[in-house]
Amino acid sequence: MRSAPSSRRARAAVAAATATAAALTVTGLGAGAASGAETPVNRYVALGDSFASAAGVPDQVDSACTRSSRNYPALVNASLAPAAHRDVTCGGATTVHMTSSQNSSAPPQFDALSTDTDLVTLTIGGNDIGFADIIVRCVSLGLFNPFGSPCKNSYTWTGTDRLAATIDAAAPKIAATVDGIRQRAPHARILVTGYPAILPDDGTNCPAVVSIAKKDAPWLRDTHKRLNAMIATQAAEHGAVYVDTYTRSIGHDVCKPSGTRWMEPLVTDAAAPFHPNAAGERAMADAVLAAAP
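Structural notes, computed from the coordinates. (Residues numbered from 1 in each chain as written. Predicted model: local features only at pLDDT ≥ 70, side-chain atom pairs only at ≥ 80, totals over all residues. Heavy atoms only, no water.)

## What to know about the pairing of strand β5 (residues 119-123)
- Burial within β5 is extensive, with 5 of its 5 residues counted as buried.
- In this sheet, β5 lies alongside strand β1 (residues 43-48) in parallel orientation, the contact comprising 5 bridges. For Y44, the partnering residue across the bridge sits in β5 and is L119. (Buried < 20%, exposed > 50% of the residue type's maximum accessible area, 1.4 Å probe, protein only. Helix = DSSP H or I, 4+ residues; strand = E, 2+ residues; numbered from the N terminus. Pairing = 2+ DSSP bridges.)

Put into structure tokens, the structure is as follows:
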């Protein structure tokens, strides 16, 4: 277990990182942010993972990549009506799959970029820190210790928060991804999204819906915010615009009832578990459109 002083330092670090992300979002730092003029989009390319592909959201138009016809890139495309659009988002993608094939039907996502691309959206990083493994571990451990913090304990028993370290280690990967986009699409406005809220922002849990332990919930919320803050920082420092999808999703987490939630729980047919449903994808699209040209 971590000592009390190190716990205070960790909380302070999360608070500082979250404040940084908020500041970057408000100021709109990044390439193209200085110009508020709306300009037509000629060629739009969407890159990213299952939060961008809308895994499990009907209708799935690419089963290998769990891509939906109602994912946020499709909604952005419908609104902006660019002359050309490529959506190569793919469930399970990591930063590695920007330059490497993911499966037999998913070539490197960067192959979709070209020098005439003028808008790029990117949602990436969750799989780089092991999103699926984190969910499986925390949900499983919560079944046996619902009132404690078994998942946090499993990641911090050495005195170091291994998830925090993993997020920090992923920062250069996000930076390299943004730089790689800029190299291939030098004139593009690059919009990098964060991840919307999965658990309640107030740190509570809903054991009847999701077996996340009571004391794990606030730690997981802070870990989520730390990931978003890291993405925001790397986006701004490498000439992109960070799109905050978390703030508008507060109050629409997995613990909310159907019709209110934008994120689906473990048992669902509206989306992949712990992923945005159609309403969540609509909210992500709205956030992107607010930052688009």
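## Brief notes about the side chain of T94
- Tracing the backbone through its elements, the reader meets T94 in the loop between β4 (84-87) and β5.
- Classification of T94 as buried rests on a relative accessible area of 14%.
- A distance of 3.1 Å separates a polar side-chain atom of T94 from the backbone nitrogen of V96.
- Not counting residues up to four positions away in its chain, the partners in contact with T94 are I124, N127 and D128. (Polar contact = N/O pair within 3.5 Å; in protein donor to acceptor, adjacent residues only side chain to side chain. Contact = heavy atoms within 4.5 Å.)

## Overview of unusual backbone geometry
- With omega at -5°, the peptide bond leading from P58 into D59 counts as cis.
- Its location among the elements puts D59 in the loop between α2 (50-53) and β2 (60-62).
- Its identity is not glycine, yet T66 carries a phi of approximately 45°, on the positive side.
- Inspection of the secondary structure assignment puts T66 in the loop between β2 and β3 (67-68).
- Even without a glycine there, the phi angle at F274 is positive, about 60°.
- Residue position: F274 is located in the loop between β7 (241-243) and α8 (278-291).

## Points about the pattern of salt bridges
- The full count for this structure, using the stated rule, is 8 salt bridges.
- The residue D62 makes a salt bridge to R67 at a minimum N-O spacing of 3.3 Å.
- Its relative accessible area of 14% is what places R67 among the buried residues.
- One salt bridge in this structure joins D222 and R221, with 3.0 Å as the shortest N-O distance.
- If you follow the salt bridges from partner to partner, you end up with D62, R67 and D87 in one network. (Salt bridge = Lys/Arg side-chain N within 4 Å of Asp/Glu carboxyl O.)

## Looking at the packing of aromatic side chains
- Counted by the stated rule, this structure contains 3 aromatic pairs.
- Between F51 and F131 the ring centres are 5.8 Å apart and the planes differ by 90°, which places this aromatic pair in the edge-to-face class. In this pair, F51 sits in helix α2 while F131 sits in helix α4 (residues 131-144), placing the two residues 80 residues apart along the sequence. Neither F51 nor F131 differs from the other in exposure class; each is buried.
- Note on Y155 and W219: the rings are 5.8 Å apart at their centroids and 35° apart in plane angle, and the pair reads as tilted. Taken together, the residues Y155 in helix α5 (residues 150-156) and W219 in helix α7 (residues 216-237) connect sequence positions 64 residues apart.
- Judged by relative accessible area, which is 7%, Y155 ranks as buried.
- Residue classification places W219 among the buried positions, given a relative accessible area of 7%.
- Site record: aromatic cluster; members linked through ring pairs are F51, F131 and Y195. (Phe/Tyr/Trp six-rings, centres within 6.5 Å; stacked < 30°, edge-to-face > 60°.)

All we've got here are geometric facts, nothing functional implied.
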